[in-house]
Amino acid sequence: MAHEIIVVHGNGTLAGDVHISGAKNSALKLMAASILAQGETIVRNVPLISDIDVMSEVLECLGATVARDEADEHVLLIDTSAVDSFETPYELVSKMRASIAVLGPLIARFGRARVAMPGGCQIGARKIDMHLRGLEALGVSFEIDHGYLKAAAENGLHGASVALDFPSVGATENMLMAAVVAEGETIIGNAAREPEIVDLANMLNEMGAKVRDAGSSIIRVEGVPLESLKPCDHATIGDRIEAGTFLVGGALTGGPVTVRGINPSFLRMAIAKFREMGCTVEEGADFVTVARTEPLRPVEIQTLPHPGFPTDLQAQFMLLAACAEGTSVITENVFENRFMFAAELARMGADIEIEDHHSLVRGGRSLQGAPVSSTDLRAGAALVLAGIVAEGETRVHKINHIDRGYEDYVGKLKALGADVSRELPYHNHRATVFVEADR
Ligand code: UD1
């Protein structure tokens, strides 16, 4: 079957309001957390994206039933009463690395887990050593068994004080979801401070857990008995990366673009960079507007764990830098190999030099439409934006990456005035004509 592509005709237009969906990176973990309590958990504001479908399959494999509410398809009903398996197969984990988020909850519920070693985005090594070291401190032992990670807490989970080597989002979440039922107090030092961690901690507390200080570098968890955790009804926070992506669109075209359904405090560093680059930014309780009338100015950006500049907005800002007047320096500190996007943008005429984890972006060249390929989901979204300001037609391939994380990306861009559509690639049209002629 031929895969769809996104075709963009550069009309330089994006203006208006866009509603931001629930955060992918939060919703996935909230779904995993539902394993901790028997019964029906309701998770609201869940985006309609393929990664959520994969996590639904993961939960179904464990014995849960997952359904979208008929009245509102952004509401997920997850019934974990019949969860009786603690094994997650390779076929699912290899599709989405975030499946590893079930490790902590499974150990908490069953005292053991068997989870395939993860695959996922092609952005660097993406190890899980910190997840394992953190869980080991809580009393879990691991062995590798034919590509699977076998975990067991023979003597139950017990609280411990652990400092992570790096504030890993995934390791903090897995530890948190196991620590909620560990006996005694757990202190997670050098914890990740992303808004999605706070969202997860809030949901765990709504279930009956005792988590304090999420959002700071030291998270304290007082363990409670597993049986005391109850299903809850929780709404996912807005997706700061989706919001940031659309705001980059406003900065690129002049906008104004307003993103709604997002707490501006999640986007502090991005907002500061928009201003440095010559944009005007307005913010309210749950919206941000970016507009620009002056030429874009060059910028220096270093990606860092939250509240630093998010690595998931690096590609989008590289595109902005390519359109700025002057030379920008972008440094990637969170992932290895996260500059694959630069080669695709160079196909459209950008001048980008990469050295190790630094990139030098010489702006001011006008972009030309070209056939390009999404290298990961954020790069894919950025390539579509590049097409909007490029001259002529851009054909973005491998858009399954975009579908992993952006709900109705094309529909939302169209509503803002972009000339963009999903189509089948050329060779498929020819195949269709051929079949018809044969008849
Ligand atoms: C999450 C997000 C991802 C985001 C990233 C950083 C999800 C589903 N994904 O990914 O979109 O880009 O946070 O904000 O929430 N590392 C190790 N050992 C470990 C764990 C991590 O070396 O045990 C390294 C990784 O290879 C990477 C860095 O630490 O270089 C950051 O990873 P981490 O914060 O764990 O990101 P994820 O949770 O995978």
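The model shown is predicted, which means the values in this text are computed figures rather than measured ones.

(A) Geometry of the overall build of the protein. Looking only at helices and strands, one finds 15 helices and 24 strands in the protein. Computed over its C-alpha atoms, the radius of gyration of the protein comes to 22 Å, within 12% of the 22 Å expected for a compact globule of 439 residues. Buried residues in the protein amount to 55% of all 439 residues. In the protein, once contacts between residues fewer than 6 apart in sequence are set aside, the share between residues at least 24 apart is 72%. For the protein, the computed accessible surface area is about 17,400 Å², with 49% contributed by carbon and sulfur atoms. Of the charged side chains in the protein, 38 are positive and 59 negative, and the gap between their average positions amounts to 2 Å.

(B) Broad picture of the packing of aromatic side chains. Tallying each qualifying case throughout the model produces 5 aromatic pairs. On the numbers, 4.9 Å between centres and 85° between planes, the contact of Phe309 with Phe317 is edge-to-face. Take Phe309 and Phe317: they sit in the same class, and that class is buried. Geometrically, the ring pair formed by Tyr406 and Tyr409 is tilted, given 4.9 Å between the ring centres and 45° between the ring planes. Side by side, Tyr406 and Tyr409 carry an identical accessibility label, which is buried. When the ring centre of Tyr148 is taken as origin, the NZ or CZ atom of Arg114, which lies over that ring, is 4.2 Å away. Here the basic side chain of Arg260 rests over the ring of Phe287, its NZ or CZ set 5.2 Å away from the ring centre.

(C) Examining the site of the ligand more closely. In the vicinity of the ligand, 20 residues are found, and the nearest of them are Asp129, Met130, Ser168, Asp312 and Val334. Asn25 is positioned such that a nitrogen or oxygen atom in its side chain is 3.0 Å from an oxygen atom of the ligand. Separating an oxygen atom of the ligand from a side-chain N or O atom of Ser168 is a distance of 2.6 Å. Taking 740 Å² as the accessible area of the ligand by itself, protein coverage stands at 87%. In terms of residue count, the dominant contributor to the shell around the ligand is helix 5 (residues 129–137) (3 residues).

(D) Structural view of the sheet that holds strand 4 (residues 65–68). The 4 strands lie next to each other as 4-5-3-14, forming an open sheet whose pairing is mixed. Edge strands, defined here as strands with exactly one partner in the open sheet, are strand 4 and strand 14 (233–235). Looking at each pair of strands side by side, their axes are set apart by 20° on average, direction ignored. Relative to the sheet, helix 7 (residues 195–207) contacts strand 3 (40–44) and strand 14, its axis offset from that of strand 14 by approximately 165°.

Each value, and the rule that gives it
Residues numbered from 1 in each chain as written. Predicted model: local features only at pLDDT ≥ 70, side-chain atom pairs only at ≥ 80, totals over all residues. Heavy atoms only, no water. Helix = DSSP H or I, 4+ residues; strand = E, 2+ residues; numbered from the N terminus. Rg over C-alpha atoms; globule rule 2.2 N^0.38 Å. Buried < 20%, exposed > 50% of the residue type's maximum accessible area, 1.4 Å probe, protein only. Contact = heavy atoms within 4.5 Å. Areas by Shrake-Rupley, 256 points an atom, 1.4 Å probe, with all protein chains shown as cover. Lys, Arg positive; Asp, Glu negative; His and termini not counted. Charge placed at Lys NZ, Arg CZ, Asp CG, Glu CD. Phe/Tyr/Trp six-rings, centres within 6.5 Å; stacked < 30°, edge-to-face > 60°. Lys NZ or Arg CZ within 6 Å of the ring centre and 35° of its normal. Near = heavy atom within 4 Å. Polar contact = N/O pair within 3.5 Å; in protein donor to acceptor, adjacent residues only side chain to side chain. Pairing = 2+ DSSP bridges. Axes fitted to C-alpha atoms, helices over the stretch in contact; angles between N-to-C directions.

Geometry only, nothing functional implied.
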